[in-house]
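# Residue-level structure breakdown
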Amino acid sequence: MRRTRLGIGTAIAAGALAVTGLAFAPTAMAVMPATATATYDCGFFGGGTAQLDAVQSGSSITITVTTAVTTPLPIQPGDAATTLRLALNGSGQAVFSGSNNPQMDAGDPYNSGPLTSSTSFVTGDSLDSLDPGVGPGLSLTIFGTTVDCDAVTNQSAPFVAS
């Protein structure tokens, strides 16, 4: 009988510990929406709609940009550098950058790969494409040539950190 009570007591304690762990577990954070579009003008190189995909992990947000601009030559993984500037809360800027592009064949839409920012984001922070005239919202450096693109429109919906 004593073993049964000890077993029941242990089971109750383990169950209580599990419930307490769930109560204090961090909530999942996700930037909303996960995908937005904006139109960029890249001058001589063209332009069009770019898709921006965002992922939030804690206080950091990673963004991947896929543009309407196509690559004229094959690009090996990591051979392109991308800088994306977004308006932060309507008054500041957040800069995302990286050289993590995937393999791209000639004629493929340009894909930045994941871009990171040194900015720490808090719940409610809003990110949107920059207004024209503020400087290039998107810069692509490929084979030593930099292509600057200006945002022509705001995003279809601003990213909001949770």
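Note that the structure is predicted; figures quoted are calculated from it, not measured.

Enumeration according to the criterion identifies two aromatic pairs in this entry. For the pair F44 and F45, a centre-to-centre distance of 5.4 Å together with 85° between the ring planes defines the contact as edge-to-face. Ring plane angle 5° and centroid distance 6.0 Å describe the contact between F96 and F121, whose orientation is recorded as stacked. Taken together, the residues span a long stretch of sequence, with F96 in strand β5 (residues 92–98) and F121 in the loop between β6 (109–117) and β7 (126–129) at a distance of 25 residues. Neither residue differs from the other here; F96 and F121 are each classed as buried.

Across the junction of M32 and P33, the peptide omega takes the value -10°, indicating a cis bond. Position of P33 among the secondary structure elements: in the loop between α1 (2–23) and β1 (35–41). Its identity as a non-glycine residue notwithstanding, N89 has a phi of 55°, on the positive side. Relative to the helices and strands, N89 resides in the loop between β4 (80–88) and β5. Judged by its relative accessible area of 42%, N89 is partly exposed.

In this section: the pairing of β6. Bridge analysis of strand β3 (residues 60–70) against β6 gives four bridges, and the strand direction is antiparallel. By the bridge assignment for β6, T66 is matched with N111. For β5 and β6, the ladder comprises two bridges, and the chain directions are antiparallel. Paired with S97 across the strands is T116, a residue of β6.

A few words now on the state of the cysteines. Each disulfide consists of one covalent bond between the sulfur atoms belonging to two cysteines. Overall, the coordinates contain one disulfide when judged by the stated rule. Across a sulfur-sulfur distance of 2.0 Å, C42 and C149 are joined as a disulfide pair. Disulfide C42-C149: torsion about the S-S bond near 105°, hence right-handed. You can see C42 sitting in the loop between β1 and β2 (47–57) and its partner C149 sitting in strand β9 (residues 145–151), a full 107 residues away along the chain. Accessibility assignment for this pair places C42 and C149 in one class, buried.

Here we take up the confidence of the model for the protein. Mean pLDDT over the protein: 85, with 81% of residues reaching 70 or higher. A low-confidence stretch, residues 1–27 (pLDDT under 50), is modelled with zero contacts involving residues beyond four sequence positions or located in other chains.

Moving on: the environment of V147. Locating V147 in the fold gives a position in strand β9. V147 sits in the buried class, given a relative accessible area of 8%. C-alpha of V147 to C-alpha of G43: the two residues are 104 residues apart in sequence and 8.4 Å apart in space. When near neighbours in sequence (up to four residues on either side) are disregarded, V147 contacts C42, F45, L138, S139 and L140.

Another aspect to go through is the environment of G135. Along the polypeptide, G135 turns up in the loop between β7 and β8 (138–142). Residues G135 and D150 lie 15 residues apart in sequence; the distance between their C-alpha atoms is 6.9 Å.

Next up on the list: the side chain of S117. Note that S117 resides in strand β6. The buried category is assigned to S117, whose relative accessible area is 15%. Within polar-contact distance, the side chain of S117 engages the backbone oxygen of V95 at 3.0 Å. Separated by 3.1 Å, the side chain of S117 and the backbone nitrogen of T119 make a polar contact. Every residue in contact with S117, bar those within four places of it in the chain, is listed here: I61, V95 and F96.

Quick notes on the rules
- Residues numbered from 1 in each chain as written.
- Predicted model: local features only at pLDDT ≥ 70, side-chain atom pairs only at ≥ 80, totals over all residues.
- Heavy atoms only, no water.
- Phe/Tyr/Trp six-rings, centres within 6.5 Å; stacked < 30°, edge-to-face > 60°.
- Helix = DSSP H or I, 4+ residues; strand = E, 2+ residues; numbered from the N terminus.
- Buried < 20%, exposed > 50% of the residue type's maximum accessible area, 1.4 Å probe, protein only.
- Pairing = 2+ DSSP bridges.
- Disulfide = S-S within 2.5 Å.
- pLDDT = per-residue confidence, 0-100.
- Contact = heavy atoms within 4.5 Å.
- Polar contact = N/O pair within 3.5 Å; in protein donor to acceptor, adjacent residues only side chain to side chain.

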